[in-house]
Amino acid sequence: MVNLVKYLRSYYGFILGAVALLFLQANCDLALPDYMSDIVNTGVMTGNTNYILKTGAIMLLITLLGTAASVMVGYFAARTAAGVARDLRSGVFKKVEQFTHAEFDHFSTASLITRTTNDITQLQTVLVMMIRLVFYAPILGVGGVIKAISSSSSMSWIIGIAVLCLIGVVVILFIVVIPKFKLIQSLIDRLNLVARENIEGMLVIRAFNTQKFEGARFDKANRDLLETNLFVNRAMALMMPVMMLIMNLVTVIIVWVGAKHVSALQMGIGDMMAYMQYAMQIIMAFLMMSMMFIMFPRAAVAADRIAEVLEKEESITDPEEPVPFREDFQPTIEFRNVGFAYPGGEDAVLHNINFVAPTGQTTAIIGSTGSGKSTLLNLLMRFYDVTAGEILVDGQDIRTVTRRSLREKIGYIPQKSTLFSGSIRSNLSYGDKKATQETLAKAAEIAQATEFIAAKEEGYDSVIAQGGTNVSGGQRQRLSIARALVKNAPIYLFDDSFSALDLKTDQNLRAALQRETGTSTILLVAQRVSTIMNAEQIIVLDNGRIVGKGTHNELLQTCEVYQEIAYSQLSEEELAR
Ligand SMILES: Nc1ncnc2c1ncn2[C@@H]1O[C@H](COP(=O)(O)OP(=O)(O)OP(=O)(O)O)[C@@H](O)[C@H]1O
């Protein structure tokens, strides 16, 4: 949390301005009872209207000054809190952008969203309050005590008892409410998670007719949050009437005791009234401080959650002294004794992986589901780091170069095609904003996307909805492939990227790829033997181990696992080719 203080740095000017104005405001407030006492003692008692008017005018001026100071403090506080919130949001966003899958697994996406939105807003609200009260309340309280004692020390016990009662109320509230604050934040996380899952999985929910079950799940998360919120708000709402009761009782006691002093001529009526106001100011100051004590832990919970994100060490970082790739970069990829276990996973999912993908050749990877094919590509992208061995690109361990320079060399087509809201054009030029229409058209042609783009009324300017939901799975895949091709990278990684294509399109696409990506090295993960049978090298994975390596024909002779896959997919005729 201490680390968050640095976010206040840019706003020290505003904060100092607010503090100076708070002094002014508190002094104005403290001066008023004295003038009122004068009006009663001197003006009212002697019937001196001029004095009353003159003092009244001074009081009006002081009130106006205090109000102006208060308005300015409000402005400075709001500017500071809104600015800090904006900086924090952008800090958290930048940090999250650096996170690897491991950190996402650690926090959960829903919690990261709550932290970036709800928690920061919480902090913003409390910051405004803190700036307004943290200096004002003590000045008002201490000033009130000094003034009250100087005007009548014999009634100090009344204020003493009031303060003790107030402390009692605040302590009880503190014990009851504070533990609930942390709970509220995690309940909001839970609600976000359920809402997200429901919205994203709406089609599945409808297909399985599980609306009732999901509705009940959402209701439970919603009700849990409601109940905890109600509990906290009821407790807080109770505080106000209790405080008011204490204030009113103090007024009655002051009038009761003060009246006796007045009748014994030990005190003027004006002094008694001023004393009453000082007592109110002290109690108000106390009330404000209690509010701060209650709000502070709530903000602390939010601040801790934000700090946790900001301070989270990324599991994958760039080397301190990165080595650049050679000028005449050769896209040769080598996996050397690579082993890998997912963070938190007990067993390794890849064991002793050794192979070379030579420059300009296609190396295909095939294997049953869960055999580790995608993991292999994820390691090459440095989404995760190997736990044993090393991966070399152009002879250089990929951990010695920056992630940026590594990824610049790679056109990656993920298993799940993700498009961004915008147009077909904005999606295709995602990796190279300066790409010309000619480049986009060429990439679309290789990816076999030209036809369906042309069929759209607005062609390349057709709108792509959030997540690319307004194009078919196969079209999404082709756009995703074209987007990577626009990068014109020396390495391409296709992670089962042809799965949604019909056989004909798959065939045309591969033929075009072979023609057009001549010197690029391709790593191609696929489930279909027909997709990979022409690759220069095929690697067969089984349970995270390489069980076969060679061309299609070689593997048909030597690798049992490959034979099984091939026989289950290809006709006699295709096998004989
Ligand atoms: N984030 C993760 N955390 C823990 N284990 C994971 C994670 N992702 C994958 N795994 C496990 O690693 C193993 C290999 O997964 P991987 O996705 O690489 O398989 P794959 O061969 O690409 O499968 P498919 O063909 O179904 O895509 C699987 O057993 C899987 O359960």
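Remember, it's a predicted structure, so these values are computed and weren't measured experimentally. (Residues numbered from 1 in each chain as written. Predicted model: local features only at pLDDT ≥ 70, side-chain atom pairs only at ≥ 80, totals over all residues. Heavy atoms only, no water.)

Another point: the overall build of the chain. The helix and strand tally for the chain stands at 20 helices and 12 strands. The C-alpha radius of gyration computed for the chain amounts to 36 Å, which surpasses the reference 25 Å derived for 577 residues by more than 25%, pointing to a less compact arrangement than a globule. Counting every position in the chain, which comprises 577 residues, the buried fraction comes to 47%. Of the roughly 29200 Å² that the chain leaves accessible, carbon and sulfur atoms contribute 59%. For the chain, the distance from the average site of its 51 positive side-chain charges to the average site of its 54 negative ones is 7 Å. (Helix = DSSP H or I, 4+ residues; strand = E, 2+ residues; numbered from the N terminus. Rg over C-alpha atoms; globule rule 2.2 N^0.38 Å. Buried < 20%, exposed > 50% of the residue type's maximum accessible area, 1.4 Å probe, protein only. Areas by Shrake-Rupley, 256 points an atom, 1.4 Å probe, with all protein chains shown as cover. Lys, Arg positive; Asp, Glu negative; His and termini not counted. Charge placed at Lys NZ, Arg CZ, Asp CG, Glu CD.)

So, on to the site of the ligand. Around the ligand sit 13 residues, and of these G370, K373, S374, T375 and Q415 come closest. Separating a nitrogen atom of the ligand from a side-chain N or O atom of Y342 is a distance of 3.4 Å. One of the side-chain N or O atoms of Q415 is found 2.8 Å from an oxygen atom in the ligand. Burial of the ligand by the surrounding chains reaches 62%, relative to a free accessible area of 640 Å². (Near = heavy atom within 4 Å. Polar contact = N/O pair within 3.5 Å; in protein donor to acceptor, adjacent residues only side chain to side chain.)

This next bit is on the nonpolar core. The nonpolar side chains of a soluble globular protein tend to be buried with one another. Grouped together as the largest cluster of nonpolar side chains are 86 residues, with contacts concentrated most on L4, L88, V250, I254 and I306. Of all the elements, helix α9 (residues 269-311) adds the most residues to this core, at 23 residues. Aside from chain neighbours lying at most four places away, what touches L4 is L88, L123, A303, I306, A307 and L310. Ranked by size, the runner-up nonpolar core spans 47 residues in total, among them L419, A482, V486 and L524. (Core = buried A, V, L, I, M, F, W, Y, C linked by side-chain atoms within 4.5 Å. Contact = heavy atoms within 4.5 Å.)

The feature "transmembrane region" (unreviewed entry), as given by UniProt, occupies residues 52-78, 125-149, 155-178, 235-258 and 278-296 in the numbering adopted here. The span residues 52-78 carries 100% helix and 0% strand; its end-to-end C-alpha distance comes to 38 Å. As annotated, residues 125-149 comprises 92% helix and 0% strand, and the C-alpha atoms at either end are separated by 36 Å. (UniProt positions renumbered as here; feature names shortened; annotations may be inferred.)

Turning our eyes to something else, we now look at the packing of aromatic side chains. A full pass over the atoms with the stated rule returns 12 aromatic pairs. With centroids separated by 5.8 Å and ring planes inclined at 50°, the aromatic side chains of Y75 and F76 adopt a geometry described as tilted. Assessed through its relative accessible area of 41%, Y75 is described here as partly exposed. Among the residues examined, F76 registers a relative accessible area of 15% and is labelled buried. Between the aromatic rings of F335 and F355, the centroid separation amounts to 4.8 Å while the plane-to-plane angle is 10°, which identifies the pairing as stacked. (Phe/Tyr/Trp six-rings, centres within 6.5 Å; stacked < 30°, edge-to-face > 60°.)

Another aspect to go through is the sheet that holds strand β6 (residues 410-413). What the six strands build is an open sheet, ordered β6-β9-β10-β3-β11-β12; its pairing is mixed. The strands lining the two open edges of the sheet, one partner per strand, are β6 and β12 (545-550). Neighbour to neighbour, the strand axes of the sheet diverge by 15° on average, direction disregarded. Packing of helix α19 (residues 560-569) onto the sheet brings it into contact with β3 (362-367), β11 (537-542) and β12, and relative to β11 it is tilted by some 100°. (Pairing = 2+ DSSP bridges. Axes fitted to C-alpha atoms, helices over the stretch in contact; angles between N-to-C directions.)

Now for the pairing of strand β1 (residues 333-340). For β1 and strand β2 (residues 350-357), the ladder comprises five bridges, and the chain directions are antiparallel. Looking across to β2, one finds that I333 is bridged to A357.

For the rest of this paragraph, the subject is helix α5 (residues 136-151). Taking 1.5 Å per residue, 16 residues should reach 22 Å; α5 reaches 22 Å between its end C-alpha atoms and fits that length. Check the buried side of α5 and you find it contacts α1 (12-46), α4 (109-133), α6 (156-200) and α9. (Expected span 1.5 Å × (residues − 1).)

What follows concerns α9. When the terminal C-alpha atoms of α9 are compared, their 60 Å separation across 43 residues agrees well with the 63 Å that a helix rising 1.5 Å per residue should span. With 31 of its 43 residues buried, α9 lies for the most part within the structure.

The next point concerns the packing of α5 against α9. Between α5 and α9, whose axes approach to 8 Å, the crossing angle comes to 155°. By the angle between their directions, the pair α5 and α9 is classed as roughly antiparallel. Of the two elements, α5 crosses α9, and the hand of that crossing is left-handed. In this structure, α5 uses Y136, A137, L140, G141, G144, V145, K147, A148 and S151 to contact α9, whose residues at the interface are Y275, Y278, Q281, I282, A285, M288 and M289. For the contact of α5 with α9, a count of residues per class yields 11 nonpolar, four polar and one charged. (Parallel < 35°, antiparallel > 145°, perpendicular 65-115°, else oblique. Left-handed = near helix turned anticlockwise from the far one by under 90°. Nonpolar A, V, L, I, M, F, W, Y, C, P; charged D, E, K, R; others polar.)

Here the focus is the domain arrangement of the chain. Per the domain assignment, the segments of the chain are domain 1 (2-311), domain 2 (323-409 + 489-577) and domain 3 (418-487). Using C-alpha coordinates to define each centre, domain 1 is positioned 52 Å away from domain 3. (Domains from an automatic or database assignment.)

The strand order β2-β1-β4-β5 describes an open sheet built from four strands, whose pairing is antiparallel. If you trace the sheet from one side to the other, it starts and ends with β2 and β5 (396-397), each paired once. When strand β4 (residues 388-393) meets β5, the two strands line up antiparallel, connected through two bridges. Bridge pairing in β5 places L392 opposite D397.

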